[in-house]
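# Descriptive analysis of the structure
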Amino acid sequence: MTVTSQARKKAFAKKAAKRADSNVYAAIDLGTNNCRLLVARSSRKNFRVLDTFSRIVRLGEGLSQTGNLSEEAMRRTLSALKICTSKLKRRGVTKLRCVATEACRRAANGDDFIKRVKRETGLDLEIIDNSEEASLAIMGCAPLLNPDLPEALIFDIGGGSTEVSWIRLGDKDPSSGDEKAVTSKTGTSKPVAPNPIMEDWYSVSKGVVTLAEKYGGRDITPEIYQQMVQEIYDDFLIFEQKHGFAQRVHNGTLQLLGTSGTVTTLVGVYKKLPRYDRNRVDGTLINCDTAIGLCHKIAGMTYAQRVANPCIGSQRADLVVAGCAIFEALAKLWPVAQLRVADRGLREGILYKLINEG
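Residues numbered from 1 in each chain as written. Predicted model: local features only at pLDDT ≥ 70, side-chain atom pairs only at ≥ 80, totals over all residues. Heavy atoms only, no water.

Looking now at the pattern of salt bridges. Within this structure, the stated rule accounts for 26 salt bridges. Where R76 meets E61, a salt bridge forms, and the shortest distance between an N and an O atom there is 3.0 Å. A residue pair is termed long-range when its members are at least 10 positions apart, and R76 in helix α3 (residues 71-91) and E61 in the loop between β3 (47-56) and α2 (63-66) qualify at 15 residues. Residue classification places R76 among the partly exposed positions, given a relative accessible area of 25%. E61 gets classed as partly exposed once you look at its relative accessible area, which sits at 33%. K206 serves as the salt-bridge partner of D235, at 2.9 Å between the closest nitrogen and oxygen. Taken together, the residues D235 in helix α8 (residues 222-243) and K206 in the loop between β8 (195-204) and α7 (208-215) connect sequence positions 29 residues apart. Owing to a relative accessible area of 18%, D235 belongs among the buried residues under this scheme. When salt bridges with common partners are traced through the structure, they connect E71, R75, K82, R116 and E120 into a single cluster. (Salt bridge = Lys/Arg side-chain N within 4 Å of Asp/Glu carboxyl O. Helix = DSSP H or I, 4+ residues; strand = E, 2+ residues; numbered from the N terminus. Buried < 20%, exposed > 50% of the residue type's maximum accessible area, 1.4 Å probe, protein only.)

Note on aromatic pairs: each is described by the distance of the centres and the angle between the planes. The tally for this structure, following the rule as stated, stands at seven aromatic pairs. Aromatic rings pair up to connect W166, Y202, F236, F239, F245 and W334 into one cluster. Taking NZ or CZ as reference, R218 lies 4.0 Å from the ring centre of Y303, over its face. (Phe/Tyr/Trp six-rings, centres within 6.5 Å; stacked < 30°, edge-to-face > 60°. Lys NZ or Arg CZ within 6 Å of the ring centre and 35° of its normal.)

Here we come to the sheet that holds strand β10 (residues 285-287). Taken in spatial order, the six strands make up an open sheet running β8-β7-β6-β9-β11-β10, and their pairing is mixed. Where the open sheet ends on each side, the last strands, each with one partner, are β8 and β10. Ignoring which end each strand starts from, the neighbouring axes of this sheet average 25 degrees apart. Contacts from helix α6 (residues 130-141) reach β6 (151-157), β7 (162-170), β8, β9 (254-259) and β11 (338-342) within the one sheet, and its direction differs from that of β8 by about 135 degrees. Packed onto the sheet, helix α12 (residues 288-299) meets β10 and β11 and runs at close to 75 degrees relative to β10. (Pairing = 2+ DSSP bridges. Axes fitted to C-alpha atoms, helices over the stretch in contact; angles between N-to-C directions. Contact = heavy atoms within 4.5 Å.)

Further remarks concern the packing of helix α10 (residues 261-270) against helix α15 (residues 320-333). Look at α10 against α15: their axes get within 9 Å of each other, and the N-to-C directions meet at 100 degrees. As far as their axial angle goes, α15 and α10 are roughly perpendicular. Between α10 and α15, the residues in contact are T262, V263, T265 and L266 and V320, G323, C324 and F327, respectively. Of the residues that constitute the contact of α10 with α15, the class distribution is five nonpolar, three polar and no charged. (Parallel < 35°, antiparallel > 145°, perpendicular 65-115°, else oblique. Nonpolar A, V, L, I, M, F, W, Y, C, P; charged D, E, K, R; others polar.)

Across the sheet, five strands lie side by side as β3-β2-β1-β4-β5; this open sheet has mixed pairing. The outermost strands of the open sheet, each flanked by one partner alone, are β3 and β5 (125-127). On average, adjacent strands in this sheet sit at an angle of 20 degrees to one another, irrespective of strand direction. The pairing of strand β1 (residues 25-30) with strand β2 (residues 34-42) spans six bridges and is antiparallel. Considered in β2, the bridge of D29 is made with R36. Running at roughly 160 degrees to β3, α3 makes contact with β1, β2, β3, β4 (95-100) and β5 of the sheet.

Fair warning: the whole summary comes from geometry, so function is off the table for now.
Structure (C-alpha cells):
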C-alpha cells in the first residue's frame, strides 16, 4: 500500500469516527414507580451524559388490586413522558430506545397504554421481558464489578418486581455467539468491562409498590416488617437451592451488587447527605451489616420522620421500608461482607447497547 493510499485510509477512518461520534443517544426506562431518561454522546471508553430526568410516577399504583393501570397513574406518566419528549428534541437525539417493564407487562391494559403513549407523545415504548431487563441492567452495572472476584449476584429492586442475576466474569469473547453474553457481539471496542456472562436469573413479581400496598407503607410494626422479610426470603430461597450461592459466599468468590432506589437511599442516609447526590452514592461499597442496621433504623422511623429525611422525602416515605425488607431478605440469603451500590442500570445498559451496535 502506498503512502498516499494509507493517508487516505486514515483520513477516511477519522471522518467515519467523527460521523459516529455525532450521534446523540437516549434511553427511557418506564418502570412501575419511576420514569427515567438518560441522554448522552459516546466517548472513547464510555459515554458523556448530556441530560437526565427522573420522576416518580407510580404507574403501577393499585395494579395488584385491579389488574389495570389507573387513569390517574397513566396521566402522571404521560406528563413525565412529555417532558422527556421535549428534552429529546432539545438535545437533538438521533438514536433512542424506550422500554417499559413490570407494570406494563402485568397490566391488562398495558398494550392500550403503549398505544396511547404513541398517540400523545410520539414515543415508541417497547415492553421488554424480565430476562432482557436483567441483561440490560447487568450491562449498565458491569463497570462497577470487582474483576478479582469470579462471580456476582446483581439485584434490582423495582416497584413491581425484583430480579437477581447470577454473573460470571471472564475473558470469553462475547462475539463467539454465546447468547448469555451481555456485551456487544459486534467485535468493536466495548465500554463494558469486565465481560459479564449471565448464567441464570430469577424474578419475583414483588417490588416496593406491590409490597407496600399489601402490608402498608406508613405505620409498620416490627412484626409486619419481619413478615415482609420472610416472604421475600422464601421467594428467593428457590434460586439459592438451585445453585448453592451461599457456599460461594463462604468461599469468598462471590460479590453482591445492588441497583435500585432502595440501596441508593440507604447510602444517602448512611452518608447523612443534605440532599441526594448521585456522584457521592454511585459505586459506594458498604458493609452489609451496616446496611441491614440502616434498614432497621428506617423501619423504626415514623412516617413523618421518613418524610423529613432529605434522602427519603415524601415520594419514597411510604415505599422505602418495603424496599429495606426486600434488601434484608436478599442479604440474609447471601451474607457477603460488603455490598456495592449502583445508581445506574437499565438506562445505561440501553445506551451501551445502542452505542456498540452503531
